[in-house]
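Commentary on secondary and tertiary structure
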Amino acid sequence: VQLQAFGGGLVQPGGSLRLSCAASGSIFSINDMGWYRQAPEKQRELVAVISGGGSTNYAGSVKGRFTISRDNAKNTVYLQMNNLKREDTAVYYCNAEIGRRWNDYRPYWGRGTQVTVSS
C-alpha cells in the first residue's frame, strides 16, 4: 500500500493551492484520511481529517480557509487551501488508516509535499 501526494508548490500570500493524495495497492477499505504539516523546527501537526463517512475536523488555524474532501471511488483525499498565509509554509503529509483485510487496519503516510507561501 502506498500514499502519493501531489500539488505542492510556491504561492503568494492570499493565493490558493490544491493538494491531492491517492492510495494504491491492496486495499480493502479506508477509514480516516487526513493531512498533517511540519514547518521547520516545529513538530508535525494535524491540519484536517475526514472520516470514511465524510465528517471533517480542522485545526483552528486553517478553519474557514482550508477544505478537506475525499473521493472514495478513487481512494483519494484532497486539501483545498485558500487565502494562504506565510505561516502555512510547511511540508504537508497525507495520512490514512487503511485496511488490507477486514481485521487489519494500519496507518500509512505519504511522502511530504512542500508548500511555500511567499511573495
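Residues numbered from 1 in each chain as written. Predicted model: local features only at pLDDT ≥ 70, side-chain atom pairs only at ≥ 80, totals over all residues. Heavy atoms only, no water.

Before going further, it helps to spend a moment on the overall build of the protein chain. Helix and strand counts for the protein chain come out as 0 helices and 11 strands. Seen through its C-alpha atoms, the protein chain measures out along the principal axes to roughly 45 × 25 × 25 Å. Counting across all 119 residues of the protein chain, residues that qualify as buried make up 40%. Sequence separation of at least 24 residues holds for 54% of the intrachain contacts in the protein chain that already meet a minimum separation of 6. Of the roughly 6,600 Å² that the protein chain leaves accessible, carbon and sulfur atoms contribute 43%. The distance from the centre of the 14 positive side-chain charges to the centre of the 8 negative ones in the protein chain is 3 Å. (Helix = DSSP H or I, 4+ residues; strand = E, 2+ residues; numbered from the N terminus. Buried < 20%, exposed > 50% of the residue type's maximum accessible area, 1.4 Å probe, protein only. Contact = heavy atoms within 4.5 Å. Areas by Shrake-Rupley, 256 points an atom, 1.4 Å probe, with all protein chains shown as cover. Lys, Arg positive; Asp, Glu negative; His and termini not counted. Charge placed at Lys NZ, Arg CZ, Asp CG, Glu CD.)

Another aspect to go through is the pairing of strand β11 (residues 113-117). Judged by which residues are buried, β11 turns out to be one-sided: T113, V115 and V117 face inward and are buried, whereas Q114 and T116, on the alternate face, are not. Pairing analysis gives 3 bridges linking strand β2 (residues 9-11) to β11, with the strands arranged parallel. Counted as the bridge partner of G9 is V115 from β11. In the sheet, strand β9 (residues 90-101) pairs with β11 via 3 bridges, with the strands oriented antiparallel. (Pairing = 2+ DSSP bridges.)

Quick look at the state of the cysteines now. Enumeration according to the criterion identifies 1 disulfide in this entry. The disulfide partner of C21 is C94, and the S-S distance across this bridge is 2.0 Å. Its torsion about the S-S bond being 45 degrees, the disulfide of C21 and C94 is classed as right-handed. Of the two residues, C21 sits in strand β3 (residues 17-24) while C94 sits in strand β9, which places them 73 residues apart along the sequence. Per residue, the accessibility class of C21 equals that of C94, and both read buried. (Disulfide = S-S within 2.5 Å.)

Describing an aromatic ring pair means giving the distance of the ring centres and the angle of the ring planes. Within the structure shown, the criterion is met by 1 aromatic pair. One residue, R18, lies across the ring of Y78, its end atom 4.1 Å from the ring centre. Across from the ring centre of W109, 4.7 Å away, lies the NZ or CZ of R44, which sits over that ring. (Phe/Tyr/Trp six-rings, centres within 6.5 Å; stacked < 30°, edge-to-face > 60°. Lys NZ or Arg CZ within 6 Å of the ring centre and 35° of its normal.)

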